[in-house]
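Architecture and fold: a report
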Amino acid sequence: TCPPQQALLTREEGLKYYRIMQTVRRMELKADQLYKQKIIRGFCHLYDGQEACAMGIEAGINPTDHLITAYRAHGYTFTRGVPVKEILAELTGRRGGVAKGKGGSMHMYAKNFYGGNGIVGAQVPLGAGVALACQYLGNNEICVTLYGDGAANQGQIFESFNMASLWKLPCIFICENNKYGMGTSVERASASTDYYKRGDFIPGLRVDGMDVLCVREATKFAADFCRAGKGPILMELQTYRYHGHSMSDPGVSYRTREEIQEVRSKSDPISMLKERMLSTSMASVEELKEIDVEVRKEIEDAAQFATTDPEPPLEELCNHIFHNDSPLEVRGTNPWSKLKSVS
């Protein structure tokens, strides 16, 4: 069996996908702006350009399924159900952030979303573990485990493949190949850039990661494969990031501006969906403009919240170290400064 050759898109779905991808795009552009104003600091990896991956995956699985990714996680945090204002407030380190302002860009979580993870490749064994839990509980749920082309040569990934295959874990391993691991192109980093074949004994699919429908159909196919008890499956989403690796990388020293421009003009995920809907008279230009206006307002309001919400007080520094434990004292930077930790 192989994935379908055709996909059905209803008007409702099209408008929904458009709104979500546009929201992620605008949110990331706002994060870029706040970073340049020094309101957001530290690590910040933006997702613009890759929106069809997050949207397509979410459209192909259930909210009760599980997902874990690396540190380019803002898009997934949103598609997994966290409001924009909680994401932006997390980026600015405020109390109203999704992780109470203590996680920042790389560490956001939601129901059935196990975060952003800051260590390259480390989320892959964790995702295999979540899939093991799904199998153990027998609840017909699956885990989507994402990693980038930059993590694709990590040893722990192949160890996870091996265990997942031996135990037939319901895990979709997805390589989001955005062509560059930091400033290194895939050709200079991998002896084989056929990432979808590198599961060896695990079947793999190569997918156009700029087309939300391709991603959705491939994900549905992979999810059915896992739920049928056939074990893990691999997907490689060929995508592209418009920003640099992180905000400290201008992103134009190892690739040309023309290259970025060409991807933008020829295969932008939002433009492609928009064109498709307009050319089939599924939606009107006015309708899509209206969505753009609403999205822009939502982002502005969220940014307003993220810049005015207070930072967490020092007393909360050590809270939530343990789950469900009686309050305990934590030693500060010297033996006589004591802090309280409450679960």
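Just so we're clear, the structure is a prediction, and the values are computed from it rather than from any experiment. (Residues numbered from 1 in each chain as written. Predicted model: local features only at pLDDT ≥ 70, side-chain atom pairs only at ≥ 80, totals over all residues. Heavy atoms only, no water.)

**Considerations on helix H1 (residues 11–36)**
- With 26 residues, H1 extends 38 Å from end C-alpha to end C-alpha; this agrees with the ideal 38 Å at 1.5 Å per step.
- Of the residues one or two after H1, Lys 38 is the one with positive phi, at around 65°. (Helix = DSSP H or I, 4+ residues; strand = E, 2+ residues; numbered from the N terminus. Expected span 1.5 Å × (residues − 1).)

**Some details on the pairing of strand S3 (residues 171–177)**
- Burial analysis of S3 places 7 of its 7 residues in the buried class, the great majority of the element.
- The alternating pattern of S3 places Cys 171, Phe 173, Cys 175 and Asn 177 on one face and Ile 172, Ile 174 and Glu 176 on the opposite face, and all of these are buried.
- Judged from the 6 bridges that link them, strand S2 (residues 143–148) and S3 form a sheet pairing that is parallel. When the sheet's bridge partners are listed, Gly 148 is paired in S3 with Glu 176.
- Each parallel crossover has a hand, and the one from S2 via helix H6 (residues 155–166) to S3 is right-handed.
- Taken together, the 6 bridges between S3 and strand S7 (residues 233–238) define a ladder with parallel strand orientation. Following the sheet pairing, Asn 177 is matched in S7 by Gln 238. (Buried < 20%, exposed > 50% of the residue type's maximum accessible area, 1.4 Å probe, protein only. Pairing = 2+ DSSP bridges. Right-handed = clockwise from strand over helix to strand, strands pointing away.)

**So, a nonpolar patch on the surface**
- Together, Leu 132, Met 163, Leu 166 and Trp 167 make up an exposed nonpolar region whose accessible area comes to about 410 Å².
- Tracing the backbone shows Trp 167 in the loop between H6 and S3. (Patch = residues over 30% accessible without salt bridge, like charges linked within 9 Å, V, L, I, M, F, W, Y side chains within 5 Å. Areas by Shrake-Rupley, 256 points an atom, 1.4 Å probe, with all protein chains shown as cover. Salt bridge = Lys/Arg side-chain N within 4 Å of Asp/Glu carboxyl O.)

**A word on the pairing of S2**
- Of all 6 residues making up S2, 5 are buried, and the element is well covered by its neighbours.
- The sheet contact formed by strand S1 (residues 66–68) and S2 spans 3 bridges and is parallel. Considered in S2, the bridge of Leu 67 is made with Val 144.

**A short note on the sheet that holds strand S6 (residues 204–208)**
- Sheet architecture is open: 5 strands sit in the order S1-S2-S3-S7-S6, paired in parallel fashion. Looking at which strands have only one partner, the edges of the open sheet turn out to be S1 and S6. On average, each strand axis in the sheet is inclined to that of its neighbour by 20°, with strand direction left out of account.
- Relative to the sheet, helix H5 (residues 123–137) contacts S1, S2 and S3, its axis offset from that of S2 by approximately 170°.
- Contacting S3, S6 and S7, helix H8 (residues 212–227) runs over the sheet at an angle of about 170° to S7. (Axes fitted to C-alpha atoms, helices over the stretch in contact; angles between N-to-C directions. Contact = heavy atoms within 4.5 Å.)

**Description of the packing of H1 against helix H2 (residues 51–60)**
- Following both chains from N to C, one finds H1 and H2 inclined at 140°, their axes separated by 9 Å at the closest point. Between H1 and H2, the crossing angle belongs to the class labelled oblique. Once H1 is placed against H2, the crossing between them reads as right-handed. Across the interface between the two elements, Tyr 17, Ile 20, Met 21, Val 24 and Arg 25 from H1 touch Glu 51, Ala 52, Met 55 and Ala 59 from H2.
- Of the residues belonging to the contact of H1 with H2, the class tally is 7 nonpolar, no polar and 2 charged. (Parallel < 35°, antiparallel > 145°, perpendicular 65-115°, else oblique. Left-handed = near helix turned anticlockwise from the far one by under 90°. Nonpolar A, V, L, I, M, F, W, Y, C, P; charged D, E, K, R; others polar.)

**Points about empty space enclosed by the protein**
- Under the counting rule described, the total for this entry stands at 1 cavity of 30 Å³ or more.
- Each pocket or cavity is described by its volume, and for the largest cavity that value is around 40 Å³.
- Along its surface, the largest cavity is lined by Tyr 147, Ala 152, Ile 157, Phe 158, Phe 161, Tyr 195 and Arg 198.
- The dominant element in the lining of the largest cavity, judged by the number of residues it contributes, is H6, at 3 residues.
- Split into classes, the residues belonging to the lining of the largest cavity amount to 6 nonpolar, no polar and 1 charged. (1 Å grid on protein atoms, 1.4 Å probe; cavity = no way out; pocket = protein on both sides within 12 Å on 5 of 7 lines; lining within 4 Å. Points joined across faces, edges and corners; volume = space filled by probe spheres on them.)

**A closer look at the environment of Cys 171**
- Topologically, Cys 171 is positioned in strand S3.
- Sequence-wise, Cys 171 and Phe 225 are 54 residues apart; in three dimensions their C-alpha atoms are separated by 9.7 Å.
- The residues contacting Cys 171, other than those within four sequence positions of it, are Gly 127, Ala 128, Ala 131, Cys 143, Thr 145, Cys 226, Pro 232 and Ile 233.

**Some details on the environment of Thr 280**
- Relative to the assigned elements, Thr 280 resides in the loop between helix H10 (269–279) and helix H11 (285–308).
- Within the structure, the side chain of Thr 280 is placed 2.8 Å from the backbone oxygen of Arg 276, a separation counted as a polar contact. (Polar contact = N/O pair within 3.5 Å; in protein donor to acceptor, adjacent residues only side chain to side chain.)

**Focus: the packing of aromatic side chains**
- Throughout the structure, instances matching the rule amount to 5 aromatic pairs.
- Here Phe 161 and Phe 173 contribute two aromatic rings whose centre-to-centre distance is 4.9 Å and whose plane-to-plane angle is 65°, an arrangement assigned as edge-to-face. Of the two residues, Phe 161 is situated in helix H6 and Phe 173 in strand S3; the sequence distance between them amounts to 12 residues. Both residues of the pair, Phe 161 and Phe 173, count as buried.
- Measuring from ring centre to ring centre gives 6.5 Å for Tyr 240 and Tyr 242, while their planes differ by 55°; the resulting arrangement is tilted. Here the two residues Tyr 240 and Tyr 242 agree in accessibility, since each one is buried.
- The ring of Tyr 242 carries Arg 264 above its face, with NZ or CZ at 4.1 Å from the centroid. (Phe/Tyr/Trp six-rings, centres within 6.5 Å; stacked < 30°, edge-to-face > 60°. Lys NZ or Arg CZ within 6 Å of the ring centre and 35° of its normal.)

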